[in-house]
Amino acid sequence: MTTITSMPAQRQPTEPPRQHLVVIGNGMAGVRTIEEILTRGGASLFDITVFGDEPYGNYNRILLSNVLAGIEDEKEIFLNPLDWYRSNGIRLHAGVRVTRIDRYAKAVFAADGTAVGYDKLMIATGSRAFIPPIDGVYQPDGGLTPGVFAFRTLDDCRQMIAAARGHRAAVVIGGGLLGLEAARGLQNHGLDVHLLHAAPTLMNAQLDAEAGQILRRGVEALGITVHTLAMTTAVLGDDAVVGVTLADGTHIPADMVVIAAGIRPNSELGAHAGLDVERAIVVDDQMRAVDDPDIYVVGECAQHRGEVYGLVAPLWEQAIVLADHVTGTNPAATYHGSKIATKLKVAGVDVTSMGLKEPEHADDEIVRFVEPKHGVYKSIVIRDGKLVGATLLGDVRKAAFLIQAFDRGLPLPEARLEMLFDLGTPPEAVGAAELADDTQVCNCNGVTKASLVACVTSGQKTVSGVMATTRAGKGCGSCKTLVAQIVEWAAGGAVERDESADWYVPAIPMDKPTLITALRERELRSVSAVFDALAPGGQEDAGSKMALTSLLRTVWGRDYIDERDARFINDRVHANIQKDGTFSVVPQIAGGVTTPAQLRRIADVADKYNIPMVKITGGQRIDLLGVRKEDLPKVWSDLDMPSGYAYGKSFRTVKTCVGLEFCRYGLGDSTALGIAIEKRFQGLESPAKLKLAVTGCPRNCAEALVKDLGAVAIEGGQWQIYVGGAAGAHVRKGDLLATVDTPEQVITLTGRFLQYYRENAKWLERTYSFVPRLGIDKIRAIVVGDSDGIAADLDARMQQAIDAYTDPWLEGRDPATPGQFQTSLPLVELPKVPMR
Amino acid sequence: MNPTTETTHTSPDGVFHRLGPLSEIPIGEARAYAAAGQQIAVFRLRSGRLQATDASCPHAGGPLADGQTDETIVICPLHSNTFDLATGTSPSGAPPLTCYPIRVSDDGIIEVAVGQY
Ligand code: SRM
Ligand SMILES: Cc1cc2nc3c(=O)[nH]c(=O)nc-3n(C[C@H](O)[C@H](O)[C@H](O)COP(=O)(O)OP(=O)(O)OC[C@H]3O[C@@H](n4cnc5c(N)ncnc54)[C@H](O)[C@@H]3O)c2cc1C
Ligand code: SF4
Ligand code: FES
């Protein structure tokens with residue numbers, strides 16, 4: 001039996017009673033509308049209950065493409081974590097599906113037996129994937145055949161990622177935006193991907209044949225096989241997919257099939273409740289169902305003036321009108337429909353499209369530029385002097401101008417070509433000042449220039465503050481530069497630096513130099529002492545512990561008080577944690593020079609402990625991967641080699657080349673110098689990893705120009721020292737710090753530079769950021785020229801740190817804590833990584 | 001593979017499984033146990049409070065007992081999802097963890113209630 005609760009709010013006698021607003025659908029449109037309602041004082045008008053079929057807080061569905069492609073971690077895409085609902089007093093039924101609306105009782109009923117009465121109801125149920133009637137797609141029980149996937153939800157995405165791991169070949173059905181994104185994503189997982197599209201042209205809703213052909217070439221260049229005019233008739237395989245058959249008899253083997261053949265609005269709830277439903281639930285200009293003034297509808301499940309939208313931009317406009325109306329802020333608010341201009345990155349190709357893709361009337365003007373070889377296509381359609389359509393592929397630099405012209409019907413330049421290219425004449429740069437107020441700056445979160453400006457005027461004077469409040473830039477991030485420009489412009493030069501951006505750790509309101517002074521003055525030697533003394537309210541913060549441990553070790557060396565819980569797991573067990581909870585072991589092989597005896601020992605250890613993979617690393621040493629935690633002490637003791645620190649935010653390796661002794665071009669003894677440097681600075685903790693190299697001549701076989709510090713032997717017995725180089729996630733050529741005459745001088749300057757970096761860089765700031773932030777001239781003045789008179793102190797403190805070194809692997813003999821090497825996943829069969 | 005030998009006994013509160021001595025867990029850290037066929041992580045917070053949750057992260061199976069904690073949350077060592085130790089919910093948006101009632105017996109043994117109780 002279900003009883004209907006009407007949620008009596010805790011009312012103050014003087015306040016008007018709050019109405020109960022129930023929202024069905026916890027997706028992008030529903031939650032965005034709630035946010036708009038809350039900004040209009042909605043919290044004092046409504047008690048809000050939300051039902052969401054998906055067991056999560058609201059996330060940015062657009063970014064699922066990136067999650068699938070592995071570009072973004074799924075935790076990055078949440079817009080409203082569960083905390084948000086709690087702190088706004090919203091009752092969320094996550095993972096609960098509403099099954100019925102009773103308009104006469106004014107109540108909704110959910111699958112778990114919950115029943116809730118409403119005063120106002122909002123339907124925001126979005127769409128689901130459309131599954132075309134293909135033989136073999138469904139199993140007899142009505143579920144999709146294992147190996148067949150839709151692409152709509154986070155769960156879909158997770159399942160696809162899991163399946164991609166074990167599989168070789170995938171078929172994606174549908175060559176629209178979603179299908180292309182799915183194909184790209186799966187291809188990133190190393191699958192062989194076939195994309196099947198029923199129409200002759202990819203993305204035929206947005207592109208004409210010629211543009212579609214250019215996109216196709218771009219997609220094929222990625223290694224995806226495209227089949228157009230391909231009608232899939234059957235999915236083959238009983239309990240696991242083995243392939244698909246096309247209408248022309250072609251057979252394509254595959255072990256997973258993704259269907260991206262369009263979407264269907266979730267309008268059944270409305271239809272059963274007797275609301276007018278055509279392609280979706282029909283609404284009026286206030287976003288109310290046409291036959292019930294207490295029911296609002298928003299998002300992909302709404303049909304307005306005959307249009308059903310499938311992209312986010314229109315939803316933001318709908319949300320504003322709905323919120324204005326339901327809160328009474330502007331009872332005259334009306335939605336007139338949206339002109340859609342989309343900027344997308346499809347399978348790596350930039351695409352902007354708006355309005356018509358081709359001329360429709362005899363006197364429509366068309367201007368077109370096609371350069372297939374470089375993947376560039378631009379076309380515009382003009383009617384009565386106004387822009388009514390544009391398509392840009394490959395080169396989208398004119399997008400901002402075209403979108404404005406399309407939206408507002410701006411007068412167009414007589415020289416039509418100026419609309420496609422910058423001919424030097426009218427300055428195309430639509431800067432912060434010229435941008436119209438209602439221009440949408442952040443397309444992922446629907447933030448306009450006006451709302452950014454309003455946020456600044458209401459007192460937010462930092463870029464990060466404005467981004468946090470408005471959420472601009474928190475989607476794909478492509479608008480961040482523009483957001484910063486607008487904030488600067490709006491603040492009229494009075495942009496404040498975000499204070500917390502300078503804090504060394506989030507829990508303690510101090511920048512690094514202030515914090516170091518406080519540590520020294522107050523003799524704070526352990527992480528818990530630091531929290532007690534310096535954190536507001538003495539609050540501990542898990543996310544700050546690792547950085548504080550590193551800093552305390554830098555400041556106190558041997559005299560630091562070790563608290564094992566304040567270390568990251570890698571630093572508790574001196575090895576790098578792997579995806580299955582095992583660890584990797586990289587012994588020190590200084591300068592990359594080893595011996596037959598060492599190699600034999602490594603081989604014996606690998607045999608004895610059944611090590612699944614032995615690999616030569618990119619750092620010129622040998623990695624033993626997949627070692628069980630409980631085996632670490634034995635492995636270390638059998639290896640009898642010091643730790644290579646491949647797991648820490650610390651000094652790692654010095655790569656060397658053969659140099660003087662063997663190479664016919666060698667000018668300096670790079671191997672000897674590399675080994676000396678590695679031995680001297682081994683294990684040193686630092687703000688971020690330190691990777692060095694020494695190379696015997698400017699041919700640079702040890703890649704010294706792209707290292708945190710690199711030394712290059714040059715003619716005349718001299719050495720050049722480069723700092724701030726990188727060739728990982730960022731590529732940067734190092735800056736020349738100094739040219740010196742002897743290897744000893746290289747060692748001295750290396751130590752002084754590293755110490756200066758250790759004391760002044762932010763947590764996790766690699767030298768490739770640190771050096772350009774301070775400027776090489778300043779660093780050179782201090783480190784080489786001793787302009788600040790601190791060179792001797794830096795050298796002395798570096799020597800202290802060196803003296804404090806002990807090989808952490810000796811701890812294997814005498815564990816630091818009980819159960820230090822006890823496994824943390826007691827029932828799992830390890831290792832899970834493949835044996836080679 | 002796991003050192004823990006577990007025994008169970010019934011009390012007015014239900015079936016508690018005896019995991020091992022409290023002294024096995026260093027302050028501020030966690031250790032993993034098996035009880036009633038479940039993998040349980042037991043956290044000994046710096047305040048002395050104990051919390052018990054699933055040992056494996058719902059995101060991708062990370063070993064939570066290897067994570068870092070404060071009084072409210074644990075951070076998974078693999079991809080840094082956070083979980084509220086008292087409720088199991090994830091402020092970073094991962095699926096929730098199950099939390100288990102936990103206590104220390106008079107003889108200093110950690111006991112956790114798993115399954116039917
Ligand atoms: C083992 C190795 C790959 C290999 O098989 O060769 C490796 C493995 C890892 N690298 Fe690396 N990197 C390895 C050489 C490199 C190199 C090349 C080099 O050292 O010359 C680079 C580019 C140089 C650089 O760092 O500038 C490199 C740039 C990165 C980066 C990007 C850093 C950046 O800011 O650009 C990361 C990510 C990070 O640090 O956040 C990373 C992170 C990682 C981590 C530690 C990821 C992690 O946190 O678990 C990987 C550990 C795997 C494991 O489970 O053990 N690894 N990594 C290499 C070990 C070298 C060694 O002997 O110590
Ligand atoms: C992979 C992918 C990539 C995309 N890329 C882009 C892009 O680049 N640009 C763009 O503009 N758009 C893109 N979109 C489209 C965009 O995500 C949608 O337009 C937007 O999410 C629609 O919002 P909505 O709130 O209407 O629906 P949704 O976000 O789908 O939310 C509806 C929610 O309601 C829930 N629900 C449904 N029925 C019930 C019920 N009976 N009870 C309880 N809950 C229910 C659903 O579970 C869902 O969580 C993309 C979509 C996908 C899937
Ligand atoms: S080893 Fe380096 S490049 Fe390879 S997957 Fe790990 S972090 Fe990425
Ligand atoms: S496994 Fe825990 S965050 Fe990924």
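Note that the structure is predicted; figures quoted are calculated from it, not measured. (Residues numbered from 1 in each chain as written. Chains lettered and ligands numbered in written order. Predicted model: local features only at pLDDT ≥ 70, side-chain atom pairs only at ≥ 80, totals over all residues. Heavy atoms only, no water.)

K.L.:
Before we move on, could you go through the overall build of chain B and cite the residues and values that matter?
P.N.:
For chain B, the helix and strand inventory stands at zero helices and 11 strands. Taken from N to C terminus, the helices and strands of chain B fall in the order β-β-β-β-β-β-β-β-β-β-β. Looking at chain B as a whole, 58% of its 117 residues are labelled buried. At a minimum sequence separation of 6, the contacts of chain B that also span at least 24 residues come to 39%. Approximately 4,400 Å² of chain B is accessible, and the part contributed by carbon and sulfur atoms is 52%. (Helix = DSSP H or I, 4+ residues; strand = E, 2+ residues; numbered from the N terminus. Buried < 20%, exposed > 50% of the residue type's maximum accessible area, 1.4 Å probe, protein only. Contact = heavy atoms within 4.5 Å. Areas by Shrake-Rupley, 256 points an atom, 1.4 Å probe, with all protein chains shown as cover.)

K.L.:
Run through the environment of Ile 77 of chain A, naming residues and quoting values.
P.N.:
Residue and element names in this part refer to chain A. Considering the arrangement of structural elements, one finds Ile 77 in the loop between helix 3 (64-69) and strand 4 (78-80). Ile 77 gets classed as buried once you look at its relative accessible area, which sits at 1%. Between the C-alpha atom of Ile 77 and that of Leu 63, which follows or precedes it by 14 residues, the distance is 6.4 Å. If we skip the residues at most four places from it in the chain, Ile 77 touches Tyr 59, Asn 60, Leu 63, Leu 64, Val 67, Glu 72 and Leu 154.

K.L.:
So, the confidence of the model for chain B: which residues are in play, and what are the values?
P.N.:
All names here are of chain B. Across chain B, the average pLDDT comes to 86, with 86% of residues at or above 70. Put simply, strand 1 (residues 7-11) is where chain B has its lowest mean pLDDT, 52, and strand 6 (residues 68-69) is where it has its highest, 97. A low-confidence stretch, residues 1-6 stays under pLDDT 50, and its non-local contacts, those more than four residues away or across chains, total 21 contacts. Scored as a whole, the predicted complex attains pTM 0.56, and scored at its interfaces, ipTM 0.73. (pLDDT = per-residue confidence, 0-100.)

K.L.:
Describe the interface of chain A and chain B, listing the residues and the values that go with them.
P.N.:
Facing 45 residues of chain A, the contacting portion of chain B comprises 42 residues. For the pair chain A and chain B, the number of links is four salt bridges. The set of elements that each furnish at least two residues to the side of chain A that touches chain B consists of helix 4 (82-87), helix 17 (542-556) and helix 18 (569-573) of chain A. The element contributing the most residues to the side of chain A that touches chain B is helix 17 of chain A, with four residues. Split into classes, the residues belonging to the side of chain A that touches chain B amount to 16 nonpolar, 10 polar and 19 charged. (Salt bridge = Lys/Arg side-chain N within 4 Å of Asp/Glu carboxyl O. Nonpolar A, V, L, I, M, F, W, Y, C, P; charged D, E, K, R; others polar.)

K.L.:
Can you break down the packing of aromatic side chains residue by residue, with the values?
P.N.:
All names here are of chain A. Tallied over the entire structure, the rule returns 10 aromatic pairs over all chains. Taking the centre distance of 5.6 Å and the plane angle of 80° together, the rings of Trp 636 and Phe 821 count as edge-to-face. Of this pair, Trp 636 sits in helix 20 (residues 632-639) while Phe 821 sits in the segment after helix 25 (791-803), and the two are 185 residues apart along the sequence. Note on accessibility: Trp 636 and Phe 821 belong to one class, buried. On the numbers, 5.3 Å between centres and 75° between planes, the contact of Tyr 757 with Phe 770 is edge-to-face. Pair noted here: Tyr 757 is in helix 22 (residues 743-760) and Phe 770 is in helix 23 (residues 767-774), with a separation of 13 residues, a long-range link. Taken as a pair, Tyr 757 and Phe 770 share a single burial class, namely buried. Here a set of aromatic residues connected by ring pairs shows up, and it is made of Tyr 56, Tyr 59 and Phe 78. Stacked on the ring of Phe 109, the Lys or Arg Arg 100 has its end atom at 4.3 Å from the ring centre. One Lys or Arg, Arg 525, reaches over the ring of Trp 556 and ends 3.9 Å from the middle of that ring. (Phe/Tyr/Trp six-rings, centres within 6.5 Å; stacked < 30°, edge-to-face > 60°. Lys NZ or Arg CZ within 6 Å of the ring centre and 35° of its normal.)

K.L.:
Give a description of the environment of Asp 141 of chain A that names residues and reports values.
P.N.:
Within the fold, Asp 141 of chain A resides in the loop between strand 10 (127-129) and strand 11 (148-150). Polar contacts involving the side chain of Asp 141 of chain A include one to the main-chain amide nitrogen of Gly 143 of chain A, which spans 2.8 Å. (Polar contact = N/O pair within 3.5 Å; in protein donor to acceptor, adjacent residues only side chain to side chain.)

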